[in-house]
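Listed below, chain by chain, are the residues.
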Amino acid sequence: MNAREILSHIDHTLLKPAAAWTDIQALCEEAVRYKTASVCIPPCYVQRVREFFPALNICTVAGFPLGYCVTAAKLAETEQALTDGADEVDMVVNVAEVKNGSFSLVTEEIRRLKAVCGGKILKVIVETCFLTRDEKIALCGAVTEAGADYIKTSTGFGSAGAALEDIALFQAHIGPNVKIKAAGGIRTREALEAFLAAGCDRVGSSAAVALLRDEWERQAGKI
């Protein structure tokens, strides 16, 4: 894959708690220039980014990064994000309820957030580093049954990030309408390409543009 193809699948991400507006603005300018799939930004910046970058595909988060807030809080976050101009929402699954074996509750929460999103994209972060293999498989079923658009590996704030073996496991157990997003610890060109080749439709990355900028510019004939 060339740089342009890879970047078209990248959610260009900045979710650090101390990210200033100047940092977010630079991220968005890079996303516009290098044509990434989206920017993934903190909810507090969605309205301002929509104002300054009206054509940009904006992703934000709900229940981030721990996921164990009540469903009403996630719903309120999602509704506000959409009102502010978000196009996509990455929610964090309730891992506590996963550990309780309460998959019907987990499924219903996802279903309710997808109902709020309507035609907008909902990605479900399952935080694989905390899960057993059976829990990962059960969450593939929950995400599929609830009608979410993507299953996503990680927040990037847990004890580990994306792993290729989890992508293969997801591929075997999600429904045909569910796509896969990998995130967390993907910091080389080789890793970006490997996750896309394994079946990911999106990769969340803060490093992709920096890794591929020079190659992109050469392809565009600007170097």
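As shown above, the structure is provided for reference.
Residues numbered from 1 in each chain as written. Predicted model: local features only at pLDDT ≥ 70, side-chain atom pairs only at ≥ 80, totals over all residues. Heavy atoms only, no water.

**Student:** Looking at this structure, how should I read the pairing of strand E8 (residues 202-205)?
**Tutor:** A regular strand carries its side chains on alternate faces of the sheet. Burial of the side chains of E8 extends over both faces: Arg202 and Gly204 are buried on one face and Val203 and Ser205 on the other. Where strand E7 (residues 179-183) and E8 come together, 3 bridges link them in parallel fashion. Residue Ala182 lies in a different strand from E8, and its bridge partner there is Val203. (Buried < 20%, exposed > 50% of the residue type's maximum accessible area, 1.4 Å probe, protein only. Helix = DSSP H or I, 4+ residues; strand = E, 2+ residues; numbered from the N terminus. Pairing = 2+ DSSP bridges.)

**Student:** Explanation requested: the environment of Trp216 in the structure shown.
**Tutor:** Tracing the sequence through the fold places Trp216 in helix H10 (residues 208-219). Since its relative accessible area comes to 4%, Trp216 is described here as buried. Along the chain, Trp216 and Glu5 lie 211 residues apart, while their C-alpha atoms are 9.7 Å from each other.

**Student:** What is the right way to look at unusual backbone geometry in this model?
**Tutor:** It is generally the case that most residues other than glycine have a negative phi and that most peptide bonds are trans. Of note, the bond from Phe64 into Pro65 is cis; its omega dihedral lies within 30 degrees of zero at 0°. Structurally, Pro65 is set in the loop between strand E3 (58-62) and helix H4 (71-84). The phi torsion at Lys35 lies on the positive side, around 55°, for a residue other than glycine.

**Student:** Please explain the sheet that holds strand E2 (residues 38-40) as it appears in this structure.
**Tutor:** What links the strands of a sheet is backbone hydrogen bonding, and the strands pair in either a parallel or an antiparallel sense. If you walk around this closed barrel you meet the 8 strands as E1-E2-E3-E4-E5-E6-E7-E8, and the pairing is parallel. Adjacent strand axes in the sheet meet at a mean angle of 25° when their direction is disregarded. (Axes fitted to C-alpha atoms, helices over the stretch in contact; angles between N-to-C directions.)

**Student:** Please clarify how the packing of aromatic side chains should be interpreted in this entry.
**Tutor:** The relation between two aromatic rings is expressed through the spacing of the ring centres and the mutual angle of the planes. Across all of its chains, the model carries 4 aromatic pairs by this definition. Judged by centre distance (4.9 Å) and plane angle (85°), the rings of Tyr34 and Trp216 are edge-to-face. Of this pair, Tyr34 sits in helix H2 (residues 21-34) while Trp216 sits in helix H10, placing them 182 residues apart in sequence. Overall, the relative accessible area of 5% leaves Tyr34 in the buried class. Among the aromatic residues, those joined into a ring-pair cluster are Trp21, Tyr45 and Phe52. Arg48 extends its terminal NZ or CZ atom over the ring of Trp21, reaching a point 4.8 Å from the ring centre. (Phe/Tyr/Trp six-rings, centres within 6.5 Å; stacked < 30°, edge-to-face > 60°. Lys NZ or Arg CZ within 6 Å of the ring centre and 35° of its normal.)

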